[in-house]
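# Descriptive structure summary
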Amino acid sequence: MLYPARLPTFNRLAAPESVSELVQWFWIPEWDIEPGRTSRQHLIAYPASNLVVQVDDVVFSGPTTRAAYRDLNGRGWAVGALLRPAAAPVFTDDPGSLRDAEVALPLEDLHRSVARAMNAPDGGARRELAVDAFKSWLASLDYVPSEEALLANRMMDIIASDPDVVRIDDVAARLAVSGRSLQRIARKYIGLSPSALIRRRRLQDAAERARLDPSADLAGIAAELGYADHAHLTNDFQKYLGFTPSTYRRAVGS
């Protein structure tokens, strides 16, 4: 989230062990916006697909290539599952065809059980009940990821967690596979190239550092995250977010 101070109520819940190869985590925003007002939420989405139960429907959201926003109004909620690469074959055989797009899915059973939990007058327990309903629906699919799908999970884990990974060859060496194999696996299970995954992680890290440490030198952040120089960091911000790191830092401060 680029502007956390503007968030409505937002909770992130760990995926239960039984679906941990399919879901990274569950995320649940809830909002109650005054009539006539809109709350715009800007974000750099994780480079993955999401399955989202909303008040009126269920949507599958493909991987994104740029910053995006959601306009919230009225009263509502959503229960989203950030999907791991291994889950992609359950919903599509070509996640790349859904880049920056979402499609409604006729998953009435999933919608009914999650909505029942979210609408229950049970205080904070509704979120855990919603995740449990989501988990039960996923488990009912009896889907067993292939070894290749699990390799895609490991690839994503390495890219997301290791700041020393700045090239495809770095990932290939850690997994003992070829760069060409990684390209194919990323295309099949994520819909983005390994380079795009690395770039997204660095961009997210840079935005977080710029926001959380207003005194940090931007050139130093660029060097720490493996950019050639400050100009390359600025170019990435401008290309994928639409503004410079300095502009973003000022906006957060205000």
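Residues numbered from 1 in each chain as written. Predicted model: local features only at pLDDT ≥ 70, side-chain atom pairs only at ≥ 80, totals over all residues. Heavy atoms only, no water.

Turning next to the nonpolar core. Membership of the largest hydrophobic core comes to 28 residues, with the highest contact counts inside it found for Val23, Phe26, Leu51, Val79, Leu110, Val114 and Phe134. Considering every element that reaches this core, the biggest residue donor is helix α3 (residues 125-140), with six residues. Leaving out residues up to four positions away in the same chain, Leu110 has contacts with Leu51, Val53, Val58, Phe134 and Trp137. (Core = buried A, V, L, I, M, F, W, Y, C linked by side-chain atoms within 4.5 Å. Buried < 20%, exposed > 50% of the residue type's maximum accessible area, 1.4 Å probe, protein only. Helix = DSSP H or I, 4+ residues; strand = E, 2+ residues; numbered from the N terminus. Contact = heavy atoms within 4.5 Å.)

Now for the sheet that holds strand β7 (residues 75-83). Across the sheet, six strands lie side by side as β1-β2-β7-β4-β5-β8; this open sheet has antiparallel pairing. The open sheet has two edge strands, β1 (9-14) and β8 (102-104), and neither has a second partner. With direction set aside, neighbouring strand axes in the sheet form an average angle of 20°. Sheet analysis places strand β4 (residues 50-54) next to β7, joined by five bridges and oriented antiparallel. Considered in β7, the bridge of Leu51 is made with Ala81. Of the strands in this sheet, β1, β2 (23-32), β4 and β7 touch α3, which is tilted by about 140° from β2. (Pairing = 2+ DSSP bridges. Axes fitted to C-alpha atoms, helices over the stretch in contact; angles between N-to-C directions.)

With that out of the way, let us pick up the pairing of strand β5 (residues 58-61). A two-sided burial pattern is seen for β5, the buried positions comprising Val58 and Phe60 on one face and Val59 and Ser61 on the other. When β4 meets β5, the two strands line up antiparallel, connected through four bridges. Each residue of the ladder has a partner; that of Val53, found in β5, is Val58. For β5 and β8, the ladder comprises three bridges, and the chain directions are antiparallel.

A few words now on α3. In a regular helix each residue adds 1.5 Å, so 16 residues correspond to 22 Å; α3 covers 23 Å between its end C-alpha atoms and thus fits that length. The inward-facing, buried residues of α3 contact β1, β2, β4, β7, α1 (88-91) and α2 (108-118). Positive backbone phi, at 55°, marks Asp142, one or two positions downstream of α3. (Expected span 1.5 Å × (residues − 1).)

Enumeration according to the criterion identifies one cavity of 30 Å³ or more in this entry. Taken as a whole, the largest cavity holds about 60 Å³ of empty space. The wall of the largest cavity is formed by Pro47, Ala48, Ser49, Leu83, Arg84, Pro85, Ala88, Pro95, Met156, Tyr189 and Ile190. (1 Å grid on protein atoms, 1.4 Å probe; cavity = no way out; pocket = protein on both sides within 12 Å on 5 of 7 lines; lining within 4 Å. Points joined across faces, edges and corners; volume = space filled by probe spheres on them.)

A word on the packing of helix α5 (residues 168-175) against helix α6 (residues 179-189). For the pair α5 and α6, the least separation of the axes is 9 Å and the interaxial angle reads 95°. Taken as axis vectors, α5 and α6 run roughly perpendicular relative to one another. Along its contact with α5, which presents Ile168, Val171, Ala172 and Leu175, the element α6 presents Gly179, Leu182 and Gln183. (Parallel < 35°, antiparallel > 145°, perpendicular 65-115°, else oblique.)

The next point concerns the layout of surface pockets. Empty space among the atoms becomes apparent when a probe as large as a water molecule is rolled across them. Of the voids in this model, the second largest pocket is the one considered here, and its volume is about 210 Å³. Lining the second largest pocket are Glu30, Trp31, Asp32, Val55, Arg75, Gly76, Trp77, Met118 and Arg126. Looking at the lining of the second largest pocket, its residues break down into four nonpolar, one polar and four charged. (Nonpolar A, V, L, I, M, F, W, Y, C, P; charged D, E, K, R; others polar.)

A few words on unusual backbone geometry. Trans is the common state for peptide bonds, and a negative phi is the common state for residues other than glycine. Phi angles above zero are rare outside glycine, and Asp100 is one such case at about 55°. On the secondary structure map, Asp100 appears in the loop between α1 and β8. Classification of Asp100 by relative accessible area gives partly exposed; the value is 31%. Positive phi, close to 60°, is recorded for Ala176, a residue that is not glycine. In this fold, Ala176 is placed in the loop between α5 and α6.

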